[in-house]
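Per-entry structural report
These are the residues of each chain, in order.
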Amino acid sequence: DGGITQSPKYLFRKEGQNVTLSCEQNLNHDAMYWYRQDPGQGLRLIYYSQIVNDFQKGDIAEGYSVSREKKESFPLTVTSAQKNPTAFYLCATSRTRFDWYFGQGTRLTVV
Amino acid sequence: AQTVTQSQPEMSVQEAETVTLSCTYDTSESDYYLFWYKQPPSRQMILVIRQEAYKQQNATENRFSVNFQKAAKSFSLKISDSQLGDAAMYFCAYRSPYSSGSARQLTFGSGTQLTVLP
């Protein structure tokens with residue numbers, strides 16, 4: 001089945017650590033996105049990529065980094081510069097303006 | 001930049017009754033795309049219904065329908081014959097017709113938590 005796989009489902013980070021969230025898709029979509037979800041704030045865009053080796057900052061990119069070396073993969077690194085990283089992270093792809101697909105998310109907690 | 005507002009953080013409905021969730025948006029564009037997504041406790045985002053702004057007819061999917069008022073920039077979701085499985089967080093979202101820069105993203109409202117009472 002085609003879809004988006006995010007891993008891990010739960011992730012714990014110590015203060016000062018960098019952690020990487022995985023997002024893999026087999027839908028053959030060019031466009032991939034990372035969103036952050038906090039209670040009462042909906043989803044906010046962190047980074048997006050329209051093509052391999054190219055990506056753009058979204059509304060809340062500070063403290064995050066991404067790469068897009070393969071069409072199928074769009075990993076998100078939460079760096080130590082992100083002061084409040086505890087949140088739910090969703091990866092998405094789009095085929096057209098009208099067709100969007102979401103992974104099952106990663107819950108990141110700082111311990 | 002476009003904004004999406006959901007003014008009802010929480011709503012409740014009796015099983016088998018009808019409930020309407022509100023969504024308003026701010027845009028200067030004439031054509032765009034609007035969506036309602038459901039997020040149950042599993043956190044999986046599930047598309048409920050979508051509408052293209054140039055289509056006058058309101059979209060309908062089984063028990064779910066929208067009231068799209070373009071001039072008022074309103075896109076409310078009506079759930080008829082509510083079921084226990086409808087309990088979830090509901091997000092309204094906007095997509096610009098353009099494909100450059102940040103216009104590519106889905107812009108979300110803050111969500112409405114729907115409780116269905118047995």
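What you see is a predicted model; the values in this text were computed from it and never measured. (Residues numbered from 1 in each chain as written. Chains lettered and ligands numbered in written order. Predicted model: local features only at pLDDT ≥ 70, side-chain atom pairs only at ≥ 80, totals over all residues. Heavy atoms only, no water.)

1. So, the sheet that holds strand β1 (residues 4–7) of chain A
Residue and element names in this part refer to chain A. Read from one edge of the open sheet, 4 strands run β1-β3-β8-β7, paired in antiparallel fashion. Each of the sheet's edge strands pairs with one partner strand only, and the pair in question is β1 and β7 (64–66). Neighbour-to-neighbour, the strand axes of the sheet open up by a mean angle of 20°, direction not taken into account. Relative to strand β3 (residues 19–25), β1 runs antiparallel, the two being bridged by 4 bridges. Note that in β3 the partner of S7 across the bridge is S22. (Pairing = 2+ DSSP bridges. Helix = DSSP H or I, 4+ residues; strand = E, 2+ residues; numbered from the N terminus. Axes fitted to C-alpha atoms, helices over the stretch in contact; angles between N-to-C directions.)

2. A short note on a nonpolar patch on the surface
All names here are of chain A. Judged by side-chain polarity, Y10, F12 and V111 come together as a nonpolar surface patch covering roughly 370 Å² of accessible area. The residue F12 is located in strand β2 (residues 10–13) in this model. Owing to a relative accessible area of 54%, F12 belongs among the exposed residues under this scheme. (Patch = residues over 30% accessible without salt bridge, like charges linked within 9 Å, V, L, I, M, F, W, Y side chains within 5 Å. Areas by Shrake-Rupley, 256 points an atom, 1.4 Å probe, with all protein chains shown as cover. Salt bridge = Lys/Arg side-chain N within 4 Å of Asp/Glu carboxyl O. Buried < 20%, exposed > 50% of the residue type's maximum accessible area, 1.4 Å probe, protein only.)

3. A short note on the nonpolar core
Counting 25 residues, the largest nonpolar core has B:Y25, B:W36, B:F75, B:L77 and B:Y90 as the members making the most contacts within it. For this core, the elements supplying multiple residues, two or more each, are β3 (19–21), β5 (33–39), β6 (46–52), β8 (64–69), β9 (74–79), β10 (88–95) and β12 (112–117) of chain B. Broken down by element, the residue count for this core peaks at 4 residues, all from β10(B). Those residues in contact with B:L77 that sit more than four places away from it in its chain are B:V19, B:T20, B:L21, B:W36, B:V48, B:I49, B:F64, B:S65, B:V66 and B:Y90. With 21 residues, the next largest nonpolar core counts A:Y33, A:W100, B:M89 and B:F91 among its residues. (Core = buried A, V, L, I, M, F, W, Y, C linked by side-chain atoms within 4.5 Å. Contact = heavy atoms within 4.5 Å.)

4. As for the pattern of salt bridges
Tallying each qualifying case throughout the model produces 7 salt bridges over all chains. Of the charged contacts, one joins A:R44 and A:D38 as a salt bridge, the two residues approaching to 2.8 Å between their closest N and O atoms. The partly exposed category is assigned to A:R44, whose relative accessible area is 27%. In this structure, B:E52 and B:K55 form a salt bridge, with 3.5 Å as the shortest nitrogen-oxygen distance. Of the residues examined, B:E52 reaches a relative accessible area of 13% and is grouped as buried. Via salt bridges that share partners, A:R36, A:D38 and A:R44 belong to a single interconnected network.

5. Re the interface of chain B and chain A
Across the contact, 24 residues belong to chain B and 20 residues belong to chain A. Each partner contributes to the roughly 2,000 Å² buried at the junction of chain B and chain A, and carbon and sulfur atoms together form 56% of this total. Per-residue buried area on chain B facing chain A is highest for B:R43, B:R104 and B:Q105; these three make up 27% of the total on that side. Taken together, the connections running from chain B to chain A amount to 1 salt bridge. A salt bridge links A:D99 to B:R50; the nearest nitrogen and oxygen atoms lie 2.7 Å apart. Only β5, β6, β10 and β11 (106–108) of chain B provide two or more residues apiece to the side of chain B that touches chain A. With 4 residues, β5(B) is the largest single contributor of residues to the side of chain B that touches chain A. For the side of chain B that touches chain A, the per-class residue count stands at 9 nonpolar, 10 polar and 5 charged. (Buried area = accessible area lost by both parts, 1.4 Å probe. Nonpolar A, V, L, I, M, F, W, Y, C, P; charged D, E, K, R; others polar.)

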